[in-house]
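So the chains spell out like this:
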Amino acid sequence: MAIEQSFLLLKKQLAELNKNPVEGFSAGLLDDEDMYKWEVLIYGPPDTLFEGGFFKAHLIFPKEYPLKPPKMIFQTEIFHPNIAKDGSVCISILHEPGDDKYGYEKASERWLPVHTVETILVSVISMLADPNDESPANVDAAKIWRENPDEFKKRVAKCVRKSQDAFE
Amino acid sequence: MGNCLKAQSADDISLLRGSETQDGNDQALGPPPPYQERVAPRAPIYYPSPNVSRPANLLTEDEQVKIAKRLGLIVHLPCGVYDGCSKKGKECAICMCDFVMGESLRFLPCMHTYHKDCIDDWLMRSFTCPSCMEPVDAALLTSYETS
Ligand SMILES: [Zn+2]
Ligand SMILES: [Zn+2]
């Protein structure tokens, strides 16, 4: 896909999200000059431990988007089995399809070129509610989530409070 | 477990453009398929598997065979030109653009339609329909072998 096409595709999504905002997050460019770097604000989903939090993240798109997935990195501290300590989100739909490397993920769970900012964020929001500890990016968080739910609750509550302070 | 995209190989150019310009051992790939009409300014990068990319002259024999097979399958998928007929769909789900009269389209066995350029690049990475995740090869071998 030509570079102008990835630019136009992202521009189109930005216009669409501005016109029809989607519940659960807001999205914009990190820098008005750069269509490939987005900043999103995710609202902690209701009825989850993350409820009430405001989590800022960056989406960094490659020039080959949508053939290749973007990277997503939380800027707000967040304690979750599928988010590495540096904030990188590790979910299967952000992984390129491969027939050999990660046999445990079906092709259908991998990146597809029809994914948009909206579908990615919908997946990330559902991941917040429903961690997957089969391939944790934060091993400590996965262990605590599995073995000590009360402690996990506490650690998440701390992140939620901190995230709220940042927006006051 | 490290299944994040940390150690990606650098593959920053489009697939398969202009393999006729390379000076490597492209003979092993057979004649260039008919849809490669454009000439790229740079040597092509091939994707023996989606997480691996290499210039054509560094591919192993197995990888060359795999790519040649994939190319051979893709050219058997029916294609055509958009004639304004809405039965074939109106929009390409990859670039999210409406089809314009005269544009080249590719029809997948699952009945999903895309721009030829948009879907061919994807099929070299993954042989599945991006909209319904239907594997393209199974259906292809049974219904399009002779088309
Ligand atoms: Zn298209
Ligand atoms: Zn399909």
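- By the naming in an unreviewed UniProt entry, chain B is RING-type domain-containing protein, taken from Sinanodonta woodiana.

- Under an unreviewed UniProt entry, the name given to chain A is E2 ubiquitin-conjugating enzyme, and the source organism is Sinanodonta woodiana.
- A UniProt comment under Sequence similarities (unreviewed entry) is attached to chain A, and it reads "Belongs to the ubiquitin-conjugating enzyme family."

**Examining the packing of helix α1 (residues 61–74) of chain B against helix α2 (residues 116–125) of chain B**
Residues and elements named next belong to chain B.
Piece 1. The contact between α1 and α2 brings their axes to 10 Å, and the two run at 145°. As for how α1 packs across α2, the hand of that crossing is right-handed. Contact residues: I67, R70, L71 and I74 in α1; D120, L123, M124 and R125 in α2.
Piece 2. Here the residues of the contact of α1 with α2 sort into 5 nonpolar, no polar and 3 charged.

**Considering the packing of aromatic side chains**
Residue and element names in this part refer to chain A.
Piece 1. One pass over the structure, following the stated rule, counts 7 aromatic pairs over all chains.
Piece 2. On the basis of an interplanar angle of 75° and a centroid distance of 6.0 Å, the ring pair of F50 and F55 is categorised as edge-to-face.
Piece 3. Judged by centre distance (6.0 Å) and plane angle (50°), the ring pair of Y65 and W111 falls under tilted. In this pair, Y65 sits in the loop between β3 (54–60) and β4 (71–74) while W111 sits in the loop between β4 and α2 (117–129), placing the two residues 46 residues apart along the sequence. Comparing Y65 with W111 shows no difference in burial state: the two are buried.
Piece 4. Taken together through their ring pairs, the aromatic side chains of W38, F61, Y65 and W111 make up a single cluster.
Piece 5. The residue whose ring lies beneath R155 is F79, and the NZ or CZ to ring-centre distance is 4.3 Å.

**Quick look at the coordination of the zinc ion (ligand 1)**
All names here are of chain B.
Piece 1. Taken together, the protein donors to the zinc ion (ligand 1) comprise C92 (SG), C95 (SG), H115 (ND1) and C118 (SG), at separations of 2.1 to 2.4 Å.
Piece 2. Coordination at the zinc ion (ligand 1) comes from 4 donor atoms whose angles at the metal span 96 to 116°, giving a geometry best classed as tetrahedral.
Piece 3. Counting along the primary sequence, the residues that act as donors to the zinc ion (ligand 1) give the motif C-x2-C-x19-H-x2-C. Taken together, the residues span a long stretch of sequence, with C92 in strand β4 (residues 91–92) and H115 in strand β7 (residues 113–115) at a distance of 23 residues. Residues C92 and H115 agree in their burial class; the two are buried.

**Here we look at the UniProt feature "domain: RING-type" (unreviewed entry) in chain B**
Piece 1. Here, the residues flagged by UniProt with the feature "domain: RING-type" (unreviewed entry) are residues 92–132 of chain B.
Piece 2. The span residues 92–132 of chain B shows a helical share of 24% and a strand share of 24%, and its end C-alpha atoms are spaced 13 Å apart.

**Some points on the sheet that holds β4 of chain A**
Sheet strands line up and pair through hydrogen bonds in the backbone, either parallel or antiparallel.
All names here are of chain A.
Piece 1. Across the sheet, which stays open at both edges, the 4 strands sit in the order β1-β2-β3-β4 with antiparallel pairing between neighbours. Two strands in the sheet have a free side with no partner beyond their single neighbour: β1 (25–31) and β4. Strand-to-strand, the axes of this sheet are offset by a mean angle of 30°, without reference to chain direction.
Piece 2. Relative to β3, strand β2 (residues 34–43) is paired through 7 bridges, and the arrangement is antiparallel. What sits directly across from W38, in β3, is L59.

Rules used in this analysis
- Residues numbered from 1 in each chain as written.
- Chains lettered and ligands numbered in written order.
- Predicted model: local features only at pLDDT ≥ 70, side-chain atom pairs only at ≥ 80, totals over all residues.
- Heavy atoms only, no water.
- UniProt positions renumbered as here; feature names shortened; annotations may be inferred.
- Axes fitted to C-alpha atoms, helices over the stretch in contact; angles between N-to-C directions.
- Helix = DSSP H or I, 4+ residues; strand = E, 2+ residues; numbered from the N terminus.
- Left-handed = near helix turned anticlockwise from the far one by under 90°.
- Contact = heavy atoms within 4.5 Å.
- Nonpolar A, V, L, I, M, F, W, Y, C, P; charged D, E, K, R; others polar.
- Phe/Tyr/Trp six-rings, centres within 6.5 Å; stacked < 30°, edge-to-face > 60°.
- Buried < 20%, exposed > 50% of the residue type's maximum accessible area, 1.4 Å probe, protein only.
- Lys NZ or Arg CZ within 6 Å of the ring centre and 35° of its normal.
- Donors = N, O, S within 2.8 Å, 3.2 Å for Na, K, Ca; no water.
- Tetrahedral: all angles 85-135°; square planar, octahedral: opposite > 155°, others 65-115°.
- Pairing = 2+ DSSP bridges.

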